[in-house]
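# Topology and contacts: notes
Chain by chain, the residues:
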Amino acid sequence: MTLTDSSGKVANSQEKFLSVDQFTEAQRTGSRAYKIARFSLILFDFGKADLDSRNVNIVDQIVTRIQPTSIVVVNGYADSLGGAAYNLELSQRRAQATADLIVKRCPFPVRPSAIGRGSSNLYGANDTPEGRYLSRTVEVIVRTPITSE
């Protein structure tokens, strides 16, 4: 990330590579057990819903965790800049773009749900440029029934 202040001074942040898979958990609902994988490092430029090559690689990693029995939910988010209605629409476009790419890259039919969440902040740091950048994301949840074979 490169930032320029009002006097023209430029600062660059170091590039850091983060793990894509935040966590996987098991959950029991009634008599069924599920494996749940959450991913939330697909990031978007300000005001954009386009997926770049970095995001295609992340989606490819996510697709490896999807099974034919999985339920996939894509929650889209936006930062706190802009109006609520615009942020809701932008977050929906981000979620839909990611869901469409999952459908395209998955080797079998899958029907992810795409949900725009607007600027309800996923990370809680919308008061800093870094926090707003991290809020321009989607969260992908893959819920797969655990079968006993």
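Please refer to the structure higher up on the page.
Residues numbered from 1 in each chain as written. Predicted model: local features only at pLDDT ≥ 70, side-chain atom pairs only at ≥ 80, totals over all residues. Heavy atoms only, no water.

## Things to note about helix α1 (residues 53-63)
Every buried residue of α1 is listed here: Asn 55, Ile 58, Val 59, Ile 62 and Val 63. Angularly, the buried residues of α1 cover 140° about the axis, an arc narrow enough to put them on a single face. Summarising the contacts, the buried residues of α1 are in contact with β4 (32-43), α2 (84-105) and β7 (137-145). For α1, the side-chain oxygen to backbone nitrogen distance between the N-cap and Arg 54 is 3.1 Å, and the N-cap itself is Asp 52. (Buried < 20%, exposed > 50% of the residue type's maximum accessible area, 1.4 Å probe, protein only. Helix = DSSP H or I, 4+ residues; strand = E, 2+ residues; numbered from the N terminus. Arc of directions from axis to C-beta. Contact = heavy atoms within 4.5 Å. Polar contact = N/O pair within 3.5 Å; in protein donor to acceptor, adjacent residues only side chain to side chain.)

## Focus on α2
Between its first and last C-alpha atoms α2 spans 32 Å; for 22 residues at 1.5 Å apiece the expected length is 32 Å, and the two agree. Residues of α2 that are buried include every one of Asn 87, Leu 90, Ser 91, Arg 94, Ala 95, Thr 98, Ala 99, Leu 101 and Ile 102, and no others. The inward-facing, buried residues of α2 abut β4, α1, β5 (71-76), β6 (113-116) and β7. (Expected span 1.5 Å × (residues − 1).)

## Thoughts on the pattern of salt bridges
According to the stated counting rule, one finds 5 salt bridges in the structure shown. With a shortest N-O distance of 2.7 Å, Asp 60 and Arg 105 are connected by a salt bridge. Separated by 45 residues along the polypeptide, Asp 60 in helix α1 and Arg 105 in helix α2 bring together distant segments of the chain. (Salt bridge = Lys/Arg side-chain N within 4 Å of Asp/Glu carboxyl O.)

## Side note on the environment of Asn 12
With respect to the helices and strands, the residue Asn 12 is situated in strand β2 (residues 10-12). Once the C-alpha coordinates of Asn 12 and Thr 2 are considered, the two residues, 10 residues apart in sequence, prove to be 4.5 Å apart.

## With respect to the nonpolar core
Counting residues in hydrophobic clusters, the biggest one holds 21 residues, and the most contacted among them are Ile 62, Ile 66, Val 72, Val 74, Ile 102, Val 140 and Val 142. Those elements that provide at least two residues to this core are β4, α1, β5, α2 and β7. (Core = buried A, V, L, I, M, F, W, Y, C linked by side-chain atoms within 4.5 Å.)

## Topic: the pairing of β4
With respect to burial, β4 is a largely interior element, 9 of its 12 residues being buried. Bridging between β4 and β7 involves 8 bridges; their strand directions are antiparallel. Looking at β7, one finds that Tyr 34 is bridged to Pro 145. (Pairing = 2+ DSSP bridges.)

## Examining the packing of α1 against α2
Two elements in contact, α1 and α2, have axes whose closest approach is 10 Å; the angle formed by their N-to-C orientations is 60°. Relative to α2, the element α1 lies oblique. By crossing handedness, the relation of α1 to α2 is classed as right-handed. Residue-level contacts link Val 56, Val 59, Asp 60 and Val 63 of α1 to Thr 98, Leu 101, Ile 102 and Arg 105 of α2. Grouping the constituent residues of the contact of α1 with α2 by class yields 5 nonpolar, 1 polar and 2 charged. (Axes fitted to C-alpha atoms, helices over the stretch in contact; angles between N-to-C directions. Parallel < 35°, antiparallel > 145°, perpendicular 65-115°, else oblique. Left-handed = near helix turned anticlockwise from the far one by under 90°. Nonpolar A, V, L, I, M, F, W, Y, C, P; charged D, E, K, R; others polar.)

## Let's talk about the pairing of β7
For β7, a buried count of 8 out of 9 residues is recorded, marking the element as mostly surrounded by other parts of the structure. When β5 meets β7, the two strands line up antiparallel, connected through 6 bridges. In the sheet register, Gly 76 faces β7, and the bridge partner there is Val 138.

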